[in-house]
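Residue strings, one per chain:
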Amino acid sequence: MYAHSVELDVSKCTGCTTCLRHCPTEAIRIRGGHAVINEDRCIDCGECIRVCPNNAKKAMCSKFEHYQHYKYKIALPAPSLYGQFDNLDDVDIILQGLLDIGFDDVFEVAQAAELVTEYTRLYLKTPGIKKPVISSACPAVVRLISLRYPYLRDNLMPILPPIEVAAMMARAKAKQEHPELEDSDIGLYFISPCAAKVSYIRNGFGKYKSKIDVVISLKDVYFKLLGAMKKSETESPTINSKSGMIGISWASSGGESSAILNDKYLAADGIENVNKVLDAIENGNIPQLEFVELNACTGGCVGGVMTIENPFIARTRLHSVRRYLPVSQNRLSGDMSYVPENCYSSELPEYTPIARLSENFSESMRMMAQIEKIRSALPGIDCGACGSPSCRAFAEDLVRGMVEDVSACKVMKKCD
Amino acid sequence: MSESLIFHFDVDGEDFTSAGQASVQVKKNLRRLGISPEIIRQVSIAMYEGEINMVIHAHGGSADVVVNEDKIEIILADKGPGIADIELAMQEGYSTAPDSVRSLGFGAGMGLPNMKRYTDEMTIESKVGEGTTIKMVVKL
Ligand SMILES: Nc1ncnc2c1ncn2[C@@H]1O[C@H](COP(=O)(O)OP(=O)(O)OP(=O)(O)O)[C@@H](O)[C@H]1O
Ligand code: SF4
Ligand code: SF4
Ligand SMILES: [Mg+2]
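Residues numbered from 1 in each chain as written. Chains lettered and ligands numbered in written order. Predicted model: local features only at pLDDT ≥ 70, side-chain atom pairs only at ≥ 80, totals over all residues. Heavy atoms only, no water.

Here we look at the confidence of the model for chain A
Line of reasoning, step 1. Mean pLDDT over chain A: 90, with 98% of residues reaching 70 or higher.
Line of reasoning, step 2. Mean pLDDT across the secondary structure elements of chain A bottoms out at helix α15 (residues 410–415) of chain A, with 65, and peaks at strand β5 (residues 72–77) of chain A, with 97. (pLDDT = per-residue confidence, 0-100. Helix = DSSP H or I, 4+ residues; strand = E, 2+ residues; numbered from the N terminus.)

Structure, rendered in structure tokens:
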């Protein structure tokens, strides 16, 4: 069972159907007056959190205050954090702020992203791999592929995402600098822009289990940082950022792929566009590509549901943050010509066919015929009042036995 | 043996930008039936190519997909100009596609050969000035 990170506050939900109509995998229904998420279908993209007019949905995250038992706390900020602050052109101030709010050290995920970029370039040269290689950095996309695009599973890049590479590096660094620390003394805190990454950390990738200990929300840290950064305005930071333009670019759509230095790539963002691109790849009707970067959120991770700033403004801010940085500060050592073994994730996520009506083909055929019959009698206006996202979905829910009878369609009753 | 399911689509010859949508819909339906990803891919590619051909070469037409217990049939029918030399049209690389669609990547002359490759049976009936009917079968 996949552990999810989207939570509903039933007392705030009015059953307004907004999220119902926006869910890209039709995972939501309104039952008993409020939204209900079908966990088998949810990809944690955060779309429902974004559109809810009543703030009834939120991403589940740990609070920093509640996880103080680690002796040595390391913050791993996602690069999208850097795009949240007004008038800030020096990443060091943010990193200093993280130390000031109680972390013992900071390890930037952007650093690891630069290495993953180098690994990707190497991986693309591997003979016999399935092209285009699809980025596996956005967990909502990885899950979408495992539910809907079985044929593209082998196209997923089997290299660990930057968060995991960062986790390994951060732990190694702490142990080197503080040999007295036990493994259990070190806590790795990922500062996440989205619910999908929270779920990914709880579930892992295939059989791979995440090395992150605690996930906290970017929003949460943002407000703490604002105060801390004010205080440190007068003193210069004691910590230096070690990421370059490439690592920071990963926060917005097109950053990961453009850094591959190969013009045969495509970058798409926003879950609807992602679906369109995956459909096109599956049908084989896109031009020859080497690499495809897909982000569930509009604008990329700067558009994650736990960010503060509008993604387009955040992207512009990232430009000014990056302006005077070296292209990359994390390179492979000169003679390294392969991806280290421990950066591969050996397992692909399993294919779970959510759309399937029944395990038995004849039964599926029978159900489908029934669905079509019911559907042709429904008004076809997809109003959502029945609690299902469309008339077709309502017909399917009836046939699957998830709705008791057709009278849930209020519109049809009136017509009688 | 359960009854066969028929999905019918009208393929609009006027709206080039909507070409390819019937194949997307078919794919969704086949997924619901739990048909294997390989078969779905075969059907949707064959269907896509046929649909595009009807739009580009024949001012639209109709597509019917019939799902049986043991096979999927795809029937594409149009009232377009017809194909004078079917053998020639079937050759890889043969194309009469106008320049306007070549810039979009169509016109490689690979459509009909791909339809044959991805299906188990394919027959073309065509009369110049009357239209074309293509039947394809993918076995389950
Ligand atoms: N439905 C049709 N009606 C009339 N002519 C057709 C039809 N389908 C195909 N043809 C003719 O057969 C030729 C070859 O078709 P095919 O699909 O193999 O290539 P294409 O459509 O020209 O290019 P591509 O499919 O690679 O984009 C076409 O150029 C056209 O002349
Ligand atoms: S958008 Fe969804 S969760 Fe929010 S109030 Fe409406 S039905 Fe409830
Ligand atoms: S695009 Fe980034 S922020 Fe959005 S869901 Fe994917 S990983 Fe999370
Ligand atoms: Mg063609």
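Let us keep going from here.
Some remarks on the site of ligand 3
Line of reasoning, step 1. What surrounds ligand 3 is the set A:C138, A:P139, A:P193, A:C194, A:A196, A:K197, A:N295, A:A296, A:C297, A:C301 and A:G304.
Line of reasoning, step 2. Classifying every residue of the shell around ligand 3 gives eight nonpolar, two polar and one charged. (Near = heavy atom within 4 Å. Nonpolar A, V, L, I, M, F, W, Y, C, P; charged D, E, K, R; others polar.)

Digging into the packing of helix α13 (residues 361–377) of chain A against helix α14 (residues 391–399) of chain A
All names here are of chain A.
Line of reasoning, step 1. Contact pair α13 / α14: the axes reach a minimum separation of 9 Å and the direction vectors enclose 130°. In terms of orientation, α13 lies oblique with respect to α14. You can see that α13 and α14 cross each other, and the crossing is right-handed. Facing M367, Q370, I371, I374 and R375 of α13, the residues of α14 in contact are R392, A395, E396, L398 and V399.
Line of reasoning, step 2. Classifying every residue of the contact of α13 with α14 by side-chain character gives six nonpolar, one polar and three charged. (Axes fitted to C-alpha atoms, helices over the stretch in contact; angles between N-to-C directions. Parallel < 35°, antiparallel > 145°, perpendicular 65-115°, else oblique. Left-handed = near helix turned anticlockwise from the far one by under 90°. Contact = heavy atoms within 4.5 Å.)

Quick look at empty space enclosed by the protein
Residues and elements named next belong to chain A.
Line of reasoning, step 1. Per the counting criterion, the structure on display carries seven cavities of 30 Å³ or more.
Line of reasoning, step 2. Within this model, the largest cavity holds a volume of roughly 190 Å³.
Line of reasoning, step 3. For the lining of the largest cavity, the secondary structure elements donating two or more residues are α4 (109–124), α6 (162–177) and β11 (291–295).
Line of reasoning, step 4. Tallied by class, residues from the lining of the largest cavity come to 13 nonpolar, one polar and three charged. (1 Å grid on protein atoms, 1.4 Å probe; cavity = no way out; pocket = protein on both sides within 12 Å on 5 of 7 lines; lining within 4 Å. Points joined across faces, edges and corners; volume = space filled by probe spheres on them.)

As for α6(A)
All names here are of chain A.
Line of reasoning, step 1. Over its 16 residues, α6 extends 22 Å from the first C-alpha to the last, a length consistent with the 22 Å expected when each residue adds 1.5 Å.
Line of reasoning, step 2. Among all positions of α6, only P162, I163, E164, V165, A166, A167, A170, R171 and A174 are buried.
Line of reasoning, step 3. Residues of α6 that are buried make contact with β5, α4, β8 (186–192) and α7 (195–203). (Expected span 1.5 Å × (residues − 1). Buried < 20%, exposed > 50% of the residue type's maximum accessible area, 1.4 Å probe, protein only.)

Quick notes on unusual backbone geometry
Peptide bonds are, in most cases, trans, and in most cases residues other than glycine have a negative phi.
All names here are of chain A.
Line of reasoning, step 1. In this structure, the amide linkage connecting K131 to the following residue, P132, adopts the cis form with an omega of -5°.
Line of reasoning, step 2. Even without glycine at this site, D382 takes up a positive phi of about 50°.
Line of reasoning, step 3. For D382, the location among the structural elements is in the loop between α13 and α14.
Line of reasoning, step 4. Classification of D382 as partly exposed rests on a relative accessible area of 38%.

A closer look at a nonpolar patch on the surface
Line of reasoning, step 1. A grouping of A:F223, A:L226 and A:I308 is seen on the molecular surface, where their side chains present a nonpolar patch of about 260 Å² in accessible area.
Line of reasoning, step 2. Looking at the secondary structure, you find A:I308 in the loop between β11 and α12 (311–322). (Patch = residues over 30% accessible without salt bridge, like charges linked within 9 Å, V, L, I, M, F, W, Y side chains within 5 Å. Areas by Shrake-Rupley, 256 points an atom, 1.4 Å probe, with all protein chains shown as cover. Salt bridge = Lys/Arg side-chain N within 4 Å of Asp/Glu carboxyl O.)

Considering the pattern of salt bridges
Line of reasoning, step 1. Evaluated as defined, the whole model comprises 27 salt bridges over all chains.
Line of reasoning, step 2. For A:E7, the salt bridge identified is with A:K58, shortest N-O distance 3.6 Å. With A:E7 in strand β1 (residues 6–8) and A:K58 in strand β4 (residues 57–59), this residue pair connects regions lying 51 residues apart in the sequence.
Line of reasoning, step 3. Take A:E7: its relative accessible area is 31%, and that puts it in the partly exposed class.
Line of reasoning, step 4. For A:K58, a relative accessible area of 52% gives the class exposed.
Line of reasoning, step 5. Of the charged contacts, one joins B:R117 and B:E92 as a salt bridge, the two residues approaching to 3.3 Å between their closest N and O atoms.

Brief notes about the side chain of A:E396
Line of reasoning, step 1. Position of A:E396 among the secondary structure elements: in helix α14.
Line of reasoning, step 2. In this structure the side chain of A:E396 is engaged in a polar contact, spanning 3.4 Å, whose partner is the side chain of B:R32.
Line of reasoning, step 3. If we skip the residues at most four places from it in the chain, A:E396 touches A:R41, A:L357, A:I371 and B:R32. (Polar contact = N/O pair within 3.5 Å; in protein donor to acceptor, adjacent residues only side chain to side chain.)

Description of the confidence of the model for chain B
Line of reasoning, step 1. Looking at chain B, pLDDT values average 91 and 99% of them are 70 or higher.
Line of reasoning, step 2. Scored by ipTM, the complex comes to 0.71, with pTM at 0.82.

Some points on the domain arrangement of chain A
All names here are of chain A.
Line of reasoning, step 1. Each assigned domain of chain A is listed with its residue range as follows: domain 1 (1–60), domain 2 (64–343) and domain 3 (356–416).
Line of reasoning, step 2. Just the C-alpha atoms count here: the centres of domain 1 and domain 2 sit 26 Å apart.
Line of reasoning, step 3. Taken together, the 21 residues of domain 1 in the interface contact 19 residues of domain 2.
Line of reasoning, step 4. Summed over both partners, the interface of domain 1 with domain 2 comes to about 1,600 Å²; 57% of that surface belongs to carbon and sulfur atoms.
Line of reasoning, step 5. Remark: the boundary between domain 1 and domain 2 carries zero salt bridges.
Line of reasoning, step 6. Looking at the side of domain 1 that touches domain 2 element by element, the count peaks at three residues for helix α2 (residues 47–51).
Line of reasoning, step 7. Looking at the side of domain 1 that touches domain 2 residue by residue, the class counts come to 11 nonpolar, four polar and six charged. (Domains from an automatic or database assignment. Buried area = accessible area lost by both parts, 1.4 Å probe.)

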